[in-house]
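What follows is the residue order along each chain.
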Amino acid sequence: MQLIDSHIHLDTYSEEQRRIILNLPEVDYYIAVSMDLASCKTNHQLALHDPRVKPAYGFHPEQELPKQEEIDALFRWMEQHVDTMVAVGEVGLPYYKRQENPGLEVQGYIELLEKFILFAKKHNKPIVLHAVYEDGAIACDLLEKHGVTKAHFHWFKGEDVLIKRMIDNGYSISITPDICYEKEIQHLASLYPLDRIMLETDGPWPFEGPFRNRMTNPLMIRDSMYKLAKIKGIETEKVWEKTFRHSILFYGLYNGES
Ligand SMILES: [Zn+2]
């Protein structure tokens, strides 16, 4: 069972850790999401050296909003490198930052997200979203406004009404290894159609439960598959087949260059 990690921060691992991860023969593709312009450039380089690395370019929302000239520079660079990217991402809204700082002004983040959505639409690229709980509804509003449906809500968490809206809109989600021990994620997985689910690690983000004190790596996706199969009441092979196929189709991974 070959694996696709549909969301990983390859550039933020140490060089030694990254070498281990890129040497896993079990992994066919890594969707390498970016944090900011410097991170985009690193992922671009990693992809040049290893064709299994498929970069997504964007700005991670859980950090201070960039200055206008930084935003302009990022979009200019993305326009110049649009042929090398499989998606726009990671982009979204600063949910966790707002928990720590409830006064945080969110309007600028919403405007930046809309700019990324318009870029994705213009270039017909998928978009990788970090938008959880009530932020998910804001992201849905923007996607609906612009008629964008190729949306991947990575490590999504939220209420049933929002989950239903995302399913109705045809959006995809991805599940991290925390499905093995988080009730909330197990519930989400039980509701979401299997042919709209991908698997990811969000590595190097560390996990708890059986993964405590282990370096997050794509082989953990196997544990997620076993758990997802149990939740869906089907064989692991079927979960592998559907999630693998969906990642390939969603990111257009067999389109020539690979
Ligand atoms: Zn991420």
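Above this text is the structure in question.
Residues numbered from 1 in each chain as written. Predicted model: local features only at pLDDT ≥ 70, side-chain atom pairs only at ≥ 80, totals over all residues. Heavy atoms only, no water.

1. As for the coordination of the zinc ion
Then step 1. Taken together, the protein ligands of the zinc ion are His7 (NE2), His9 (NE2), Glu90 (OE) and Asp202 (OD), with distances of 2.2 Å.
Then step 2. Relative to the metal, the 4 donor atoms surrounding the zinc ion lie at angles of 85 to 172°, and the coordination shape comes out irregular.
Then step 3. Here the donor residues of the zinc ion share one chain and are spaced in sequence as H-x1-H-x80-E-x111-D. Here the residue glutamate 90 occupies a position in strand 4 (residues 87-92), and aspartate 202 occupies one in the loop between strand 8 (197-199) and helix 9 (220-232), the gap between them amounting to 112 residues. (Donors = N, O, S within 2.8 Å, 3.2 Å for Na, K, Ca; no water. Tetrahedral: all angles 85-135°; square planar, octahedral: opposite > 155°, others 65-115°. Helix = DSSP H or I, 4+ residues; strand = E, 2+ residues; numbered from the N terminus.)

2. Some thoughts on the packing of helix 8 (residues 183-191) against helix 9
Then step 1. Between helix 8 and helix 9, the shortest axis-to-axis distance is 9 Å and the interhelical angle comes to 60°. Put simply, helix 8 runs oblique to helix 9. In the packing of helix 8 onto helix 9, the handedness of the crossing is right-handed. Two secondary-structure elements touch here, helix 8 through Gln186, Ala189, Ser190 and Leu191 and helix 9 through Lys227, Leu228, Ile231 and Lys232.
Then step 2. Of the residues that constitute the contact of helix 8 with helix 9, the class distribution is 4 nonpolar, 2 polar and 2 charged. (Axes fitted to C-alpha atoms, helices over the stretch in contact; angles between N-to-C directions. Parallel < 35°, antiparallel > 145°, perpendicular 65-115°, else oblique. Left-handed = near helix turned anticlockwise from the far one by under 90°. Contact = heavy atoms within 4.5 Å. Nonpolar A, V, L, I, M, F, W, Y, C, P; charged D, E, K, R; others polar.)

3. With respect to the sheet that holds strand 2 (residues 27-32)
The strands that make up a sheet are held in pairs by hydrogen bonds between backbone atoms, and each pair lies either parallel or antiparallel.
Then step 1. Across the sheet, 8 strands lie side by side as 1-2-3-4-5-6-7-8; this open sheet has parallel pairing. Two strands in the sheet have a free side with no partner beyond their single neighbour: strand 1 (3-8) and strand 8. Strand after strand, the sheet turns through a mean of 25° between neighbouring axes, direction not considered.
Then step 2. As defined by bridge partners, strand 2 adjoins strand 3 (residues 53-57) across 3 bridges and the pair is classed as parallel. By the bridge assignment for strand 3, isoleucine 31 is matched with lysine 54.
Then step 3. Packing against the sheet, helix 5 (residues 107-123) makes contact with strand 4 and strand 5 (127-130), and its axis sits at approximately 165° to strand 4.
Then step 4. Running at roughly 150° to strand 8, helix 9 makes contact with strand 1 and strand 8 of the sheet. (Pairing = 2+ DSSP bridges.)

4. Thoughts on the pattern of salt bridges
Then step 1. As enumerated under the stated definition, the model contains 9 salt bridges in all.
Then step 2. The shortest N-O distance in the salt bridge between glutamate 208 and arginine 212 comes to 2.5 Å.
Then step 3. In this structure glutamate 208 comes out as partly exposed when scored by relative accessible area, which is 36%.
Then step 4. A salt bridge links glutamate 241 to lysine 238, with the shortest nitrogen-to-oxygen separation between them at 3.8 Å. Pair noted here: glutamate 241 and lysine 238 are both in helix 10 (residues 236-251), with a separation of 3 residues, about one helical turn. (Salt bridge = Lys/Arg side-chain N within 4 Å of Asp/Glu carboxyl O. Buried < 20%, exposed > 50% of the residue type's maximum accessible area, 1.4 Å probe, protein only.)

5. Here we look at the side chain of histidine 152
Then step 1. One can find histidine 152 in strand 6 (residues 151-154).
Then step 2. Excluding anything up to four places from it in sequence, histidine 152 contacts Ser6, Ile127, Val128, Leu129, Ser172, Ile173, Ser174, Met198, Phe250 and Tyr251.

6. Details of the nonpolar core
Then step 1. By size, the foremost hydrophobic cluster in this structure holds 58 residues, and its most contacted members are Phe116, Ile127 and Phe153.
Then step 2. With 8 residues, helix 5 is the single largest residue contributor to this core.
Then step 3. With near-sequence residues (within four places) excluded, phenylalanine 116 lies in contact with Gly58, Phe59, Leu74, Phe75, Met78, Val88, Val91 and Ile127.
Then step 4. With 14 residues, the next largest nonpolar core counts Ile4, Ile31, Met198 and Phe244 among its residues. (Core = buried A, V, L, I, M, F, W, Y, C linked by side-chain atoms within 4.5 Å.)

7. A look at the side chain of threonine 243
Then step 1. Following the sequence through the fold, threonine 243 ends up in helix 10.
Then step 2. Of note is the side chain of threonine 243, whose polar atom sits 2.7 Å from the backbone oxygen of valine 239.
Then step 3. If sequence neighbours within four positions are ignored, threonine 243 has contacts with Leu194, Ile197, Leu199 and Leu228. (Polar contact = N/O pair within 3.5 Å; in protein donor to acceptor, adjacent residues only side chain to side chain.)

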